[in-house]
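Chain and residue survey
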Amino acid sequence: MPGGSAVAEPRFPTFTEAGHLLGALAAPIRMAIVLQLREAERSVHELVDALDIAQPLISQHLRVLKTAGVVQGERRGREVVYRLIDDHLAHIVANAVDHVSEHPGRSEEPDELRARYLRRRG
């Protein structure tokens, strides 16, 4: 490798695992949860209040993030408090959000995509 030491290329299973991890972050609600937890650990009801999303939906997305190894929960009395396992993924989400904010108009809103799809079918 010019100008530096050679870096071993990751093996295909590593890419597969990374793809699954990124897939767990692909939902806007999960991205919002990750950014909330980047600031501080939070209980489910704190996430519900901060994001104005129903508790069952928050819990469902937290399960996906937990299964993917992004967050972990700790029972404290009657509630579970969630935190990020590490900040690596929060940086990816924050960078993606920053990128889209810096380049407005490069992506379409879901309603625009759906309308374009329906026009093509019809």
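Our structure's up above, just so we're on the same page.
Scope of this entry: the structure provided in the associated data block.

Parameters and conventions
Residue numbers run consecutively from 1 along every chain, following the written order of its sequence. A pLDDT threshold of at least 70 governs which residues receive local features in this predicted model, and a stricter bar of 80 or more applies before side-chain atom pairs are shown or counted, although totals over entire chains, interfaces and linings include all residues. The side-chain numbers reported here are obtained from all heavy atoms of the structure, hydrogens and water having been left aside. Secondary structure elements follow DSSP: runs of H or I no shorter than four residues count as helices, runs of E no shorter than two count as strands, and numbering proceeds from the N terminus. The buried label goes to any residue with under 20% of its type's maximum accessible area, the exposed label to any with over 50%, and the partly exposed label to all in between, with areas taken from a 1.4 Å probe on protein chains only. Residue contacts follow a heavy-atom distance rule, with two residues in contact if any of their heavy atoms lie within 4.5 Å. Throughout, the Shrake-Rupley method with a 1.4 Å probe supplies accessible areas, and for residues the shown protein chains are the sole cover considered. Strand pairing is assigned whenever DSSP detects at least two bridges linking the two strands. For this analysis, a polar contact is any N or O atom pair within 3.5 Å, provided that within protein one partner can donate a hydrogen and the other can accept it, and provided that sequence-adjacent residues contribute only side-chain to side-chain pairs.

Bringing the overall build of the chain into the picture now. The helix and strand tally for the chain stands at 6 helices and 3 strands. Secondary structure elements of the chain, listed N to C terminal, follow the sequence α-α-β-α-α-β-β-α-α. Burial status across the chain gives 25% buried among its 122 residues. Put simply, 52% of the contacts in the chain that link residues at least 6 apart link residues at least 24 apart. In the structure as shown, the chain presents an accessible area of about 9000 Å², 53% of it carried by carbon and sulfur atoms.

Inspection of the sheet shows strand β1 (residues 42-43) paired to strand β3 (residues 79-84) by 2 bridges, in the antiparallel sense. Within the sheet, the bridge partner assigned to Ser-43 lies in β3 and is Val-81. Across 6 bridges, the pairing between strand β2 (residues 71-76) and β3 is antiparallel. Counterpart to Arg-75 in the pairing with β3 is Val-80.

With that settled, consider the environment of Asp-86. By the secondary structure assignment, Asp-86 is in the loop between β3 and α5 (88-102). Overall, Asp-86 belongs to the partly exposed group, its relative accessible area being 36%. Expressed as a C-alpha distance, the spacing of Asp-86 and Val-70, which sit 16 residues apart in the sequence, is 7.5 Å. From its side chain, Asp-86 meets the backbone nitrogen of His-88 in a polar contact 3.0 Å long.

Moving on, we come to the environment of Ile-53. For Ile-53, the position within the fold is in the loop between α3 (44-51) and α4 (55-67). Judged by its relative accessible area of 17%, Ile-53 is buried. Considering only alpha carbons, one finds Ile-53 and Ile-29, 24 residues apart in sequence, at a separation of 8.7 Å. Not counting chain neighbours up to four residues away, the residues in contact with Ile-53 comprise Ile-29, Val-48 and Ile-58.

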